[in-house]
Amino acid sequence: MHRFFVRGLEGKGIGDGGAERPQESPLQHAFPGTTITLPEKLAHQIRDVLHLAIGEQLMLLDNSGDEFLCSVTKSSKARVEVEVTEHRTGKSESPVRVILCQGLLKSARFEWILEKGTELGVAVFAPIICRRSTSGLEDTGASKQQRWQRIIQEAAEQCGRSRLPALLPIRPLQHALNDIPSGAIALMPWEEERGLSLRKALRQNVAPPQAHSLTVILFIGPEGGLTAEEVQLAQQHGVQVVTLGPRILRAETAAIATVANVMYELLEQASEA
């Protein structure tokens, strides 16, 4: 079934990752039997791209964690209307809250991380500027931010999430290190580390009961990798440096491999608790 995060007014997107419904959401007071006129862009997709017919079903989402099963009741060039047939609680988010602090990469590779990270359950994307980040990436404008939000939204719709991951503004590594919350586990894969594996670090820091409610912050370097000075700075802020194995991974590979392994290891612990 097709799933769509709705927008209230044109240009007013959902993307902050918070639990509240957007103020202008047409679903804010919806209940079974409510008729909703879809926003123009979504109506175009339903009518002209997917060609959904009268009576076909779709799922609308408003980033609250709820799902609204709807049926198309009217489809014309003027507007598309749907009727809410069921209001239910969507799938819960992972008990492991992963914040991915990703050193900025070239556009296509960073966007791939946004897409796959959303599918794997990343809660917050925090793009960071590192010493070896490609020059000019910090000047990303509003149009690029909107594109990133759209990639996250489409990935969330595809994989069945009922809440959108947050996308933070681009900021320097130092600022991200200063904002590490108390009680979180902060890890930084680095190719020069030889002793502490990602798995060992997780098992040393997390008892099974903790895995039910835990924040893990992952710091992944840019294409040129992290400098020794940046790694030392991170360690001074309580970040544990870990190895992902003997091979040198591309930045985007390291990001997805780390997220996947963290989710697997901690969710396995949670199931055993």
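Note that the coordinates shown come from a computational prediction; the quantities given were computed from them, not determined experimentally.

### A few points about the packing of aromatic side chains
(1) Moving on: Using the criterion set out here, one finds 1 aromatic pair in the structure.
(2) Moving on: Ring centres of phenylalanine 110 and tryptophan 148 lie 4.6 Å apart, and the angle between their planes is 55 degrees; this geometry places the pair in the tilted category. Pair noted here: phenylalanine 110 is in helix H2 (residues 107-120) and tryptophan 148 is in helix H3 (residues 142-159), with a separation of 38 residues, a long-range link. Here the two residues phenylalanine 110 and tryptophan 148 agree in accessibility, since each one is buried.

### What about the confidence of the model for the protein?
(1) Moving on: Summarising the model, the protein shows a mean pLDDT of 88, and 87% of its residues fall at 70 or more.
(2) Moving on: Predicted confidence for residues 8-22 stays below pLDDT 50, and this span has 44 contacts to residues more than four positions away or in other chains.

### A word on unusual backbone geometry
Of all residues except glycine, most have a negative phi; of all peptide bonds, most are trans.
(1) Moving on: Backbone geometry places histidine 51, a non-glycine residue, at a positive phi of 55 degrees.
(2) Moving on: With respect to the helices and strands, histidine 51 occurs in the loop between helix H1 (40-49) and strand E3 (57-61).
(3) Moving on: Phi at asparagine 63 takes a positive value of approximately 70 degrees, unusual for a residue other than glycine.
(4) Moving on: Along the chain, asparagine 63 turns up in the loop between E3 and strand E4 (66-75).

### Section: the nonpolar core
(1) Moving on: Core analysis: the biggest nonpolar cluster contains 40 residues, and Leu100, Leu187 and Val262 have the highest contact counts within it.
(2) Moving on: Every element with two or more residues in this core is listed here: E3, strand E6 (96-103), H2, H3, strand E10 (185-189), helix H5 (198-205), strand E11 (214-220) and helix H7 (251-272).
(3) Moving on: Per-element accounting of this core gives the leading share, 7 residues, to H7.
(4) Moving on: Dropping the residues within four chain positions of it, valine 262 is found in contact with Val96, Val98, Leu198, Leu202, Val216 and Leu218.
(5) Moving on: Residues Cys130, Leu177, Ala184 and Ala186 belong to the second largest nonpolar core, which totals 21 residues.

### Thoughts on the environment of arginine 3
(1) Moving on: Structurally, arginine 3 is set in strand E1 (residues 3-5).
(2) Moving on: Along the chain, arginine 3 and methionine 59 lie 56 residues apart, while their C-alpha atoms are 4.6 Å from each other.
(3) Moving on: Each residue touching arginine 3, except ones within four places of it in the same chain, is listed here: Met59, Leu61, Glu67, Glu157, Gly160, Arg161 and Ser162.
(4) Moving on: Among the polar contacts made by the side chain of arginine 3, one reaches the main-chain carbonyl oxygen of arginine 161 at a distance of 3.3 Å.

### Quick look at the sheet that holds E4
The strands making up a sheet associate through hydrogen bonds between their backbones, and the pairing can be parallel or antiparallel.
(1) Moving on: Taken in spatial order, the 5 strands line up as E1-E3-E4-E5-E2 in an open sheet, and their pairing is mixed. Across the chains shown, the open sheet's two edge strands, defined by having one partner strand only, are E1 and strand E2 (35-37). Pairwise comparison of adjacent strand axes, ignoring direction, gives a mean angle of 40 degrees for this sheet.

### Brief notes about the pairing of E3
(1) Moving on: Burial within E3 is extensive, with 4 of its 5 residues counted as buried.
(2) Moving on: Relative to E3, E1 is paired through 3 bridges, and the arrangement is parallel. The partner of phenylalanine 5 across the bridge, within E3, is leucine 61.
(3) Moving on: Two elements, E3 and E4, share 5 bridges in a ladder whose sense is antiparallel. Residue pairing across strands places methionine 59 opposite leucine 69, the latter belonging to E4.
(4) Moving on: Where E3 folds back onto E4 in an antiparallel hairpin, the turn is made up of 4 residues, including asparagine 63, whose phi is positive at roughly 70 degrees.

### A closer look at the pattern of salt bridges
(1) Moving on: Applying the stated criterion to the full structure yields 17 salt bridges.
(2) Moving on: A salt bridge links glutamate 252 to arginine 250, with the shortest nitrogen-to-oxygen separation between them at 3.2 Å.
(3) Moving on: A residue is classified by how much of its surface remains accessible, and arginine 250, at 45% relative accessible area, is partly exposed.
(4) Moving on: Each of Arg3, Glu67, Glu86 and Arg88 takes part in a single network of salt bridges with overlapping partners.

### Thoughts on the environment of proline 181
(1) Moving on: Relative to the elements of secondary structure, proline 181 occurs in the loop between helix H4 (173-178) and E10.
(2) Moving on: A sequence separation of 36 residues divides proline 181 from isoleucine 217, and the C-alpha atoms of the two residues are 9.3 Å apart.

### Focus: the side chain of arginine 161
(1) Moving on: By secondary structure assignment, the location of arginine 161 is in the loop between H3 and strand E8 (166-167).
(2) Moving on: Relative accessible area serves as the criterion here: at 8%, arginine 161 is assigned to the buried category.

### Concerning the pairing of strand E7 (residues 124-129)
(1) Moving on: Most of E7 sits inside the fold, with 5 of its 6 residues counted as buried.
(2) Moving on: Where E6 lies against E7, 5 bridges are found, and the strand directions are parallel. Considered in E7, the bridge of leucine 100 is made with phenylalanine 125.
(3) Moving on: Crossover handedness for the path E6 to H2 to E7: right-handed.
(4) Moving on: Both E7 and E8 contribute to a ladder of 2 bridges, which runs parallel.

What counts and what doesn't
Residues numbered from 1 in each chain as written. Predicted model: local features only at pLDDT ≥ 70, side-chain atom pairs only at ≥ 80, totals over all residues. Heavy atoms only, no water. Phe/Tyr/Trp six-rings, centres within 6.5 Å; stacked < 30°, edge-to-face > 60°. Helix = DSSP H or I, 4+ residues; strand = E, 2+ residues; numbered from the N terminus. Buried < 20%, exposed > 50% of the residue type's maximum accessible area, 1.4 Å probe, protein only. pLDDT = per-residue confidence, 0-100. Contact = heavy atoms within 4.5 Å. Core = buried A, V, L, I, M, F, W, Y, C linked by side-chain atoms within 4.5 Å. Polar contact = N/O pair within 3.5 Å; in protein donor to acceptor, adjacent residues only side chain to side chain. Pairing = 2+ DSSP bridges. Axes fitted to C-alpha atoms, helices over the stretch in contact; angles between N-to-C directions. Salt bridge = Lys/Arg side-chain N within 4 Å of Asp/Glu carboxyl O. Right-handed = clockwise from strand over helix to strand, strands pointing away.

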